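# Coordinate analysis (summary)
Here is how the chains run, residue by residue.
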Amino acid sequence: MMVLQVVWFKRDLRLADHRPLVEAARRGPVLPLYVVEPELWRQPDSSGRQWSFCREALEELRQALAERGQPLVVRVGEVVAVLEAAHRRLGIAGLWSHQETGNLWTYARDRRVAAWARERGIPWQEVASFGVTRGRRDRRGWARDWERRMAEPLLEAPVALPPLAGIAPRELPSAADLGLAADPCPARQRGGRQAGLELLDGFLHQRGRSYHRRLSSPLTAFEGCSRLSPHLAWGTLSMGEVTQTTRARRAALAALAPEAAAGWPRALDAFLSRLHWHCHFIQKLESEPSIEVLELHPATRHLRVTDPGRLAAWSEGRTGVPFVDACMRALRASGWINFRMRAMLLSFASHHLWIDWRDSGLHLARQFVDYEPGIHWSQCQMQSGTTGINTIRIYNPIKQGRDHDPEGAFLGRWLPELAGVPAIWRHEPWRMDPATQAASGCRIGLDYPAPIVEVAAAAREARERLWGLRRQPGFGDAADAIQERHGSRRSGLPPSARRRSGGSRRRQPPVAAGQLSLDLGLDLGGASRSFT
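Because the structure is predicted, anything quoted here is derived from the model rather than measured.

This brings us to the overall build of the protein chain. Helix and strand content of the protein chain: 25 helices and five strands. For 532 residues, the compact-globule formula gives about 24 Å, and the C-alpha radius of gyration of the protein chain, at 24 Å, lands near that figure. Projected onto its principal axes, the C-alpha coordinates of the protein chain cover approximately 80 × 55 × 50 Å. Within the span of the protein chain, comprising 532 residues, buried residues form 58% of the whole. Summarising the internal contacts of the protein chain: among those between residues at least 6 apart in sequence, 79% fall at separations of at least 24. Considering the protein chain, the positive charge centre built from 74 side chains and the negative charge centre built from 56 side chains are found 4 Å apart.

Moving on: the layout of surface pockets. In this structure, the second largest pocket spans a volume of roughly 340 Å³. Forming the walls of the second largest pocket are 22 residues, and the residues nearest its centre are Arg 14, Asp 17, His 98, Ala 128 and Phe 130. Elements with a contribution of two residues or more to the lining of the second largest pocket: α6 (142-150) and α11 (239-252). Per-class residue counts for the lining of the second largest pocket are 10 nonpolar, five polar and seven charged.

Under the criterion given, the structure shown has seven cavities of 30 Å³ or more. What lines the largest cavity is a set of 20 residues, and nearest its centre among them are Arg 11, Leu 40, Glu 100, Thr 106 and Trp 234. Contributions of two or more residues to the lining of the largest cavity are made by β1 (4-9), β2 (30-36), α2 (38-41) and α5 (104-120). A class-by-class count of the residues in the lining of the largest cavity yields nine nonpolar, five polar and six charged. Approximately 180 Å³ is the volume found for the second largest cavity. Gln 99, Glu 100, Thr 101, Ser 129 and Phe 130 are the residues nearest the centre of the second largest cavity, which is lined by 17 residues in total. If you list the elements that add at least two residues to the lining of the second largest cavity, you get α10 (229-233) and α13 (264-287). A breakdown of the residues in the lining of the second largest cavity according to their chemical character gives six nonpolar, five polar and six charged.

In this numbering, the UniProt entry assigns the feature "domain: Photolyase/cryptochrome alpha/beta" (unreviewed entry) to residues 3-132. Along residues 3-132 one finds 46% helix and 22% strand; the C-alpha atoms at either end are 32 Å apart.

Here the focus is the side chain of Asp 45. Inspection of the secondary structure assignment puts Asp 45 in the loop between α2 and α3 (48-67). The charged side chain of Asp 45 is buried without a salt bridge, its nearest counter-charge being Arg 366 at 7.5 Å. Among the polar contacts made by the side chain of Asp 45, one reaches the side chain of Asn 103 at a distance of 2.9 Å. Discounting residues that sit within four places of it in the chain, Asp 45 has contacts with Gln 50, Asn 103, Leu 362, Ala 365, Arg 366 and Tyr 371.

For the rest of this paragraph, the subject is the environment of Tyr 107. The residue Tyr 107 is located in helix α5 in this model. Distance from Tyr 107 to Pro 289, taken between C-alpha atoms, is 8.2 Å for residues 182 residues apart in sequence.

Turning next to the nonpolar core. Here is a general trend for soluble globular proteins: nonpolar side chains tend to be buried in one another's company. Counting 48 residues, the largest nonpolar core has Trp 314, Cys 327, Met 344, Leu 345 and Leu 364 as its most contacted members. For this core, the elements supplying multiple residues, two or more each, are α15 (322-334), α16 (339-352), α17 (357-367), α18 (373-384), α20 (409-414), α23 (455-470) and α24 (475-486). Here this core gets eight residues from one element, more than from any other, and that element is α15. Apart from residues no more than four positions distant in its own chain, Cys 327 is found in contact with Ile 337, Met 341, Met 344, Leu 345 and Phe 410. In this structure, Val 30, Trp 96, Leu 172 and Leu 180 belong to the second largest nonpolar core, which totals 30 residues.

Counted residue by residue, strand β4 (residues 92-98) has six buried out of seven residues, so it is predominantly covered. In terms of strand pairing, β4 meets strand β5 (residues 124-127) through four bridges, oriented parallel. Bridged to Leu 95 within β5 is Trp 124. Remark: the β4/α5/β5 crossover connection has right-handed handedness.

Relative orientation of the contacting elements α11 and α13 amounts to 160 degrees, with a least axis distance of 10 Å. Taken together, the axes of α11 and α13 lie roughly antiparallel to each other. Here α11 and α13 pass one another in a crossing that is left-handed. Two secondary-structure elements touch here, α11 through Met 239, Val 242, Thr 243, Thr 246, Arg 247, Arg 249 and Arg 250 and α13 through Trp 264, Pro 265, Leu 268, Asp 269, Phe 271, Leu 272, Leu 275, His 278 and Cys 279. In terms of residue class, the contact of α11 with α13 is built from nine nonpolar, three polar and four charged.

By secondary structure assignment, the location of Thr 246 is in helix α11. For Thr 246, the residues in contact, after removing those within four places along its chain, are Leu 204, Leu 268, Phe 271 and Leu 272.

Another point: the pattern of salt bridges. Oppositely charged side chains are able to pair whenever their charged atoms sit close together. Summed over the entire model, instances satisfying the criterion amount to 38 salt bridges. With a shortest N-O distance of 2.8 Å, Arg 134 and Glu 286 are connected by a salt bridge. Highlighted residues: Arg 134 in the loop between β5 and α6 and Glu 286 in helix α13, separated in sequence by 152 residues. Glu 286 carries the same exposure label as Arg 134, and that label is buried. The partner of Asp 447 in a salt bridge is Arg 443, with the nearest N and O atoms 2.9 Å apart. Residues joined by salt bridges that share partners form a network here, namely Lys 10, Glu 37, Glu 100, Arg 109 and Asp 110.

Reading the values: rules and limits
Residues numbered from 1 in each chain as written. Predicted model: local features only at pLDDT ≥ 70, side-chain atom pairs only at ≥ 80, totals over all residues. Heavy atoms only, no water. Helix = DSSP H or I, 4+ residues; strand = E, 2+ residues; numbered from the N terminus. Rg over C-alpha atoms; globule rule 2.2 N^0.38 Å. Buried < 20%, exposed > 50% of the residue type's maximum accessible area, 1.4 Å probe, protein only. Contact = heavy atoms within 4.5 Å. Lys, Arg positive; Asp, Glu negative; His and termini not counted. Charge placed at Lys NZ, Arg CZ, Asp CG, Glu CD. 1 Å grid on protein atoms, 1.4 Å probe; cavity = no way out; pocket = protein on both sides within 12 Å on 5 of 7 lines; lining within 4 Å. Points joined across faces, edges and corners; volume = space filled by probe spheres on them. Nonpolar A, V, L, I, M, F, W, Y, C, P; charged D, E, K, R; others polar. UniProt positions renumbered as here; feature names shortened; annotations may be inferred. Salt bridge = Lys/Arg side-chain N within 4 Å of Asp/Glu carboxyl O. Polar contact = N/O pair within 3.5 Å; in protein donor to acceptor, adjacent residues only side chain to side chain. Core = buried A, V, L, I, M, F, W, Y, C linked by side-chain atoms within 4.5 Å. Pairing = 2+ DSSP bridges. Right-handed = clockwise from strand over helix to strand, strands pointing away. Axes fitted to C-alpha atoms, helices over the stretch in contact; angles between N-to-C directions. Parallel < 35°, antiparallel > 145°, perpendicular 65-115°, else oblique. Left-handed = near helix turned anticlockwise from the far one by under 90°.

Printed below as a string of structure tokens:
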């Protein structure tokens, strides 16, 4: 019987800067394992486009491992069953992986793995991923810890891995094999580390100079943003290497003539700040897993009831509000859209259509190739006004369109129904008189739908409802407890007393462990993740 170290790849599909692999290889022969979990891919936040990106990354990872002597071993099934079979046949001396801040399904699965490892006396070493800290009760010192984590030396991949005889690598299943529905995404980014490295290099040396000016508009963001988010979400690049490479480029700019460096420092500073915020939002879900399904502020629970017709119209890009529809159709075709447009889509669904954030959130999760649960569900709650600590954001989609697509070029690309509509009418085509509609080939209600709601009136009604909640007695006290646990702050400083949500400014103790789990009957293991 062979005694070996198992490296369980999850959402860390690379060899470089992979501490579990490096540490395991120091201790003995390594079985690099990826388990394709059919039940995971049946979850309502999973999609074929996500699997396609993941599968491409796995193919490249398998080749890279094979070049070192031991290819990736792929198994389809339930992780505990796969590990038990490997242990009985080979003997597992240690299990290694990165920590994962995934959805509630992966959280429950990891707890099962932890229980299995304890029963077998197998140490499971989980290495911190990103700048997220497991077991943290509040944010004091978090920024300092993030900086320390990002400054750790990057690790070289093992040069060679001893081959394991008699263990078949096996093939990766297709999306159809996993029962995933057809999910055409013609402009989807390609998976794999090489594609990620090329994007990083191109952004830092060519595309990124005007990042801070181009990130808000969908006209410019597809080219002007780094587009690294799926590679960070699936771990083909590590957060540490992206941060350090960006900082090295930022430092090198000091040696350039001012005209050669013009624009770059501000752009890279803006990008670095977003890398920090990436981890800030994931930390929220790490500290409180129920954010995926339960409103942070109790006063906002049971606030919305989803109208299926409105949800379908919004999901399919046929609300009759052109900028909303164009953004949704661009997202469906590419699996990505810039952050401001994501916020606008969620805001419109939550406030104008009064759709429950869990329903709109699941649709968007499936659309995003870069779906990162910690960022996604925190943002769903933030944009729908259920955190209690963030300002109420109700985007005006008409103003957003005019600000970020003034000539209607983005609309013309994604809404062919409006191709003949003069630019002056594209953002509000329902304002055209019947003769203009006929002449443009866009009859409202026939060629393109009439608006599903009256935009200004729907926003006004939502604003009155939400601010009414915030004026209720006790709202501020509950918000203070949420701020204490999740609010951003600088290292070594107390939480800011300036909060735009109103209510009491008294500091309260953190939310009690397990408090939120009681409402759903979920066994969340306390208010933060813990598997030991």
